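# Secondary and tertiary structure notes
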Amino acid sequence: MDILTVLENKKQGRTLSREEIDLFVRGAADGSIPDYQLAALLMAIRLNGMDARETADLTLSMAHSGHMLDPQVDGVPVDKHSTGGVGDTTTLVLAPLVAACGGKVLKMSGRGLGHTGGTLDKLESIPGMQIALPEEEFVSIVRTVGCAVVSQSAQLAPADKTLYSLRDVTATVDSIPLIVSSILSKKFAAGAKAIVLDVKTGSGALMPTLEASIDLAMAMVDIGAHAGRSIAAVVSGMEEPLGSHVGNALEVKEAIDILAGRAAGPLKKVSLFLGAQMLIASGLTDTEEKALNMLNEALDSGKGLQKLKEMITAQGGDCRVCDDVSLLPQAPVLYPVRAQESGYLAHVNGTALGLAAQRMGAGRMKKEDVIDPAVGFVMEKRIGDFVQPGDVLCTLHASSEENAKDTETRILSALSFTKEPAPRARLLYALVTPHGVRELDD
């Protein structure tokens, strides 16, 4: 058996055996299979899919492709993962808040994938912030501070590290088996015993339809439960950027503003709901009401912001950014994008906005691209808002006037207006647990 046989089988839509999957994963982990063959198999999986058994086998094989961490953190190690979106900065809000409530947030994050932002790219906009830490130091920070967010080490799920970067540049991001195996293999390898997933749905999500998003959530919860994890998935809306800020340093600023009590809105609401599920999964409380009370107390008292400072300091960063956000990277050009007509903002093409930020330099078009942490934009209007000609729709933080004008065109083409009032975008759709699917009141 060789990789060409595996490729041929999946190209023909056949079910792969555990042995074939293990061969593929080993080759991705040790570099014995070249990128072009890995990319071909990723596309075959994207086009022909995998059944539940294949997906479970792929997840476990990827988790065991390297070292399996068993972290001793004086509590239940809990992790949260989002399937990705635009302006999705929940990790930087809820990780310190959950830690302030006694949680032990042990999070390995990724970089930007497709049009979606990456938590690691955001963190690296903080001066001095180190995201590549030895496992022992990572676990030590979680044990003492309560939270740490790092990149996956070369020893943990190395197959995923290779495949993750290839998916970003081969249009194979939106595949349920590849998403499930990528997310859960890292969680299993990093030793998370409690896992909360944020599955996005809408125009700015990897899964644009609610049905596909619930299918993805159910697939991950099923595999996580069978692996003995306490797991739940929230299906949340991504019809427009979750936060108003899009771009790496800008998103860090918004997270700080929320923790400091200067900002609210959809990002805060979703972060608190996810944080409540993390506290429940960790066994720190048993109801959403109690969990939300704990989180709001940590927010109001300033303990959440203090935890963020402690995490930044422990990871080598300059925690003064929490008191002075101007210490974050600043773009040289601020450029307002103004409304051309009157009406209600009725639709936002979230993917187009994410791609606009990517082209500005906030994301990568190729694996080797270098991110500009300062660029991005701040949305001044949300779906349902009424605007008049000349009103500022968003403010671009650009590297040049030329960059700003090019982005302005992309932003305007991503927004649609109507003369009739438009409903607000929905934020929370469903909570998926091993016991079933519960519809949420937004």
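Anything mentioned here points back to the structure above.
Residues numbered from 1 in each chain as written. Predicted model: local features only at pLDDT ≥ 70, side-chain atom pairs only at ≥ 80, totals over all residues. Heavy atoms only, no water.

### Remarks on the sheet that holds strand β7 (residues 333-338)
- In space, the four strands of this open sheet follow the order β6-β9-β11-β7, with antiparallel pairing throughout. Both outer strands of the open sheet, β6 (245-246) and β7, are each paired with one neighbouring strand and no more.
- Pairing of β7 with strand β11 (residues 392-398) involves six bridges; the strand directions are antiparallel. Following the sheet pairing, Val-333 is matched in β11 by Ala-398.
- Strand contacts of helix α15 (residues 350-362): β6, β9 (376-379) and β11, with the helix running at about 145° to β9, the strand carrying the most contacts. (Pairing = 2+ DSSP bridges. Helix = DSSP H or I, 4+ residues; strand = E, 2+ residues; numbered from the N terminus. Contact = heavy atoms within 4.5 Å. Axes fitted to C-alpha atoms, helices over the stretch in contact; angles between N-to-C directions.)

### So, the pairing of strand β5 (residues 230-237)
- Counting buried positions along β5 gives seven out of eight residues, so the element sits mostly inside the fold.
- Looking at chain direction, strand β4 (residues 194-201) and β5 are connected through eight bridges and run parallel. When the bridges of β5 are listed, Val-199 appears paired with Val-235.
- Following the chain from β4 across helix α10 (residues 210-226) to the adjacent parallel β5, one finds a crossover that is right-handed.
- Across four bridges, the pairing between β5 and strand β13 (residues 428-433) is antiparallel. In the sheet register, Ala-233 faces β13, and the bridge partner there is Val-432. (Buried < 20%, exposed > 50% of the residue type's maximum accessible area, 1.4 Å probe, protein only. Right-handed = clockwise from strand over helix to strand, strands pointing away.)

### Re the pairing of strand β2 (residues 104-109)
- Most of β2 sits inside the fold, with six of its six residues counted as buried.
- Taking every second residue as pointing to the same face, both faces of β2 are buried, with Lys-104, Leu-106 and Met-108 on one and Val-105, Lys-107 and Ser-109 on the other.
- Here strand β1 (residues 77-82) pairs with β2 via two bridges, running parallel. Bridge pairing in β2 links Pro-77 to Lys-104.
- Handedness of the β-α-β unit built from β1, helix α5 (residues 90-100) and β2 comes out right-handed.
- Bridge count for β2 against strand β3 (residues 147-151) is five bridges, and the pairing is parallel. Paired with Ser-109 across the bridge in β3 is Ser-151.

### Digging into the pattern of salt bridges
- All told, the structure shown has 24 salt bridges when counted by the stated rule.
- Across the salt bridge formed by Lys-11 and Glu-8, the nearest N and O atoms sit 3.1 Å from each other. Placement of the pair is Lys-11 and Glu-8 together in helix α1 (residues 3-11), with a separation of three residues, close to one helical turn.
- We note a salt bridge from Glu-251 to Lys-122, for which the minimum N-O separation is 2.9 Å. Here Glu-251, found in helix α11 (residues 248-259), pairs with Lys-122, found in helix α6 (residues 119-123); they are 129 residues apart in sequence, far enough to count as distant. Take Glu-251 and Lys-122: they sit in the same class, and that class is buried.
- Because the salt bridges share partners, they merge into one network encompassing Arg-18, Asp-22, Arg-53 and Asp-57. (Salt bridge = Lys/Arg side-chain N within 4 Å of Asp/Glu carboxyl O.)

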